[in-house]
Amino acid sequence: ISIAFWFKRTANTGTRQFMFTAWTGVTCELTTDGKPTFAVNRSSYPTITGNAITTSSGWVHYCGTFSQTEGMKLYINGSLVASNSNTSAIVWGTTTGQIGKYSSYASMSAQINDFRLYDHCLSPMEIKKLSQGLVLHYPLSDKFFLSDCLSLLFENILKKDKELQESIEYNKIT
């Protein structure tokens, strides 16, 4: 998976601030001293942590990735800042995901923008492009899409043609 978003701190609160959480599966947070972290199965494995981000840092691009072959990686502004070899399967738990808050903790003192959750691990080049404000495009399979559209189109044409033929036959009889 990959979780990517932009954030801008509006206050240094000295408390843990959750940017995203799907407890106990995945968390993205700022520590009490403003360091961004990324964790998968936090109760069993350690988080990975980047350098402190202050309110003067402006907009910051955050991306955490996880795969069962590559482990966890944390990118800040397109650069890899931390990683580990945690390759255990994600335990999602039963709570819903939350952006900017977790449970009884205070809401995050920040703005969050362009939140993205991917079902795959983004490559370093894709993360760099996102951090530069570029849009990632994942083309649909043209063959699959076109054949489905054509099938539906012809199906509807045949249906309408059959209805028209039945109507003509009915009008001939009456």
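Calculation notes
Numbers given to residues run from 1 along each chain, matching the order in which its sequence is written. Restriction of local features to residues with pLDDT of at least 70 applies here, the model being predicted, together with a cutoff of 80 or more for giving and counting side-chain atom pairs; totals for whole chains, interfaces and linings are based on all residues. Only hydrogens and water are set aside; all other atoms, that is, all heavy atoms of the structure, feed into the side-chain values. Cysteine sulfur atoms are paired as a disulfide whenever they come within 2.5 Å of each other. Only buried residues count toward a nonpolar core. Its members are Ala, Val, Leu, Ile, Met, Phe, Trp, Tyr and Cys residues joined through side-chain atoms within 4.5 Å. Exposure categories follow from relative accessible area, calculated using a 1.4 Å probe and restricted to protein chains: below 20% of the type maximum is buried, above 50% is exposed, and the middle band is partly exposed. What counts as a helix is a DSSP run of H or I of at least four residues, what counts as a strand is a run of E of at least two, and both are numbered from the N terminus. The contact rule is simple, with two residues in contact once any of their heavy atoms fall within 4.5 Å. Only when DSSP finds a minimum of two bridges between them are two strands counted as paired. Axis geometry follows a simple rule: fit a line to the C-alpha atoms, using only the stretch in contact for helices, then measure angles between N-to-C directions, giving values from 0 to 180 degrees. Criterion for a salt bridge: a side-chain nitrogen of Lys or Arg within 4 Å of a carboxyl oxygen of Asp or Glu.

J.: Help me understand the state of the cysteines in this model?
T.: Any covalent bond linking the sulfur atoms of two cysteines counts as a disulfide. The final tally for this structure, using the stated rule, is zero disulfides. The structure places no disulfide on Cys28, whose sulfur is separated from the nearest cysteine sulfur, that of Cys63, by 9.0 Å. Cysteine Cys63 shares no disulfide, and the gap to the nearest cysteine sulfur, in Cys121, comes to 8.0 Å.

J.: Just to check I follow, could you spell out the nonpolar core for this structure?
T.: When a protein is soluble and globular, its nonpolar side chains tend to lie buried together. Ile3, Phe7, Met19, Val26, Cys28, Phe38 and Tyr62 are the most contacted members of the largest nonpolar core, which totals 24 residues. Counting only elements with at least two residues in this core, the list comes to β1 (2-9), β2 (17-22), β3 (26-30), β4 (36-40), β6 (60-67) and β7 (71-76). By size, the runner-up hydrophobic cluster in this structure holds eight residues, among which are Ala4, Cys63, Tyr75 and Leu130.

J.: Looking at this structure, I do not really get unusual backbone geometry. What am I missing?
T.: With the exception of glycine, the majority of residues adopt a negative phi angle, and the majority of peptide bonds are in the trans configuration. One non-glycine residue, Asn77, lies in the positive phi region at around 50°. Relative to the helices and strands, Asn77 resides in the loop between β7 and β8 (79-84). At Asp114, a position not held by glycine, the phi torsion is positive, near 55°. Following the sequence through the fold, Asp114 ends up in strand β10 (residues 110-118). Asp114 sits in the partly exposed class, given a relative accessible area of 34%.

J.: Looking at this structure, I do not really get the environment of Phe7. What am I missing?
T.: Relative to the helices and strands, Phe7 is located in strand β1. Taking relative accessible area as the criterion, Phe7 reaches 0% and is therefore assigned buried. Sequence-wise, Phe7 and Gln111 are 104 residues apart; in three dimensions their C-alpha atoms are separated by 5.4 Å. Not counting residues within four places of it along the chain, the set of residues in contact with Phe7 comprises Met19, Leu30, Ile53, Gly58, Trp59, Val60, Tyr62, Met108, Gln111 and Ile112.

J.: Can you help me understand the sheet that holds β2 in this one?
T.: Strand pairing in a sheet takes place through backbone hydrogen bonds and is either antiparallel or parallel in direction. Read from one edge of the open sheet, five strands run β5-β4-β3-β2-β9, paired in antiparallel fashion. The outermost strands of the open sheet, each flanked by one partner alone, are β5 (48-49) and β9 (98-99). Bridge count between β2 and β3: five bridges; the pairing is antiparallel. The residue of β3 that forms the bridge with Gln17 is Leu30.

J.: Hey, could you run me through the sheet that holds β1 in this one?
T.: The sheet built from five strands is open, its strands ordered β8-β7-β6-β1-β10 with antiparallel pairing. The sheet is open, and its two edges are formed by β8 and β10, each paired on a single side. The mean angle between the axes of side-by-side strands here comes to 15°, regardless of whether they run parallel or antiparallel. As paired elements, β1 and β10 share seven bridges and run antiparallel to each other.

J.: How do you make sense of the pattern of salt bridges when you look at a structure like this?
T.: A side chain of one charge can pair with a side chain of the opposite charge when the charged atoms of the two come close. Scanning the model with the defined rule gives three salt bridges in all. Across the pair Lys35 and Asp33 runs a salt bridge, and its minimum N-O distance is 3.8 Å.

J.: In this structure, what is going on with the environment of Val81? I would like to understand it.
T.: Mapped onto the elements, Val81 comes out in strand β8. Residue classification places Val81 among the partly exposed positions, given a relative accessible area of 36%. Between the C-alpha atoms of Val81 and Thr49, which are 32 residues apart in sequence, the distance is 7.6 Å. Excluding its chain neighbours within four sequence positions, the residues that come into contact with Val81 are Thr49, Gly50, Leu74, Tyr75 and Ile76.

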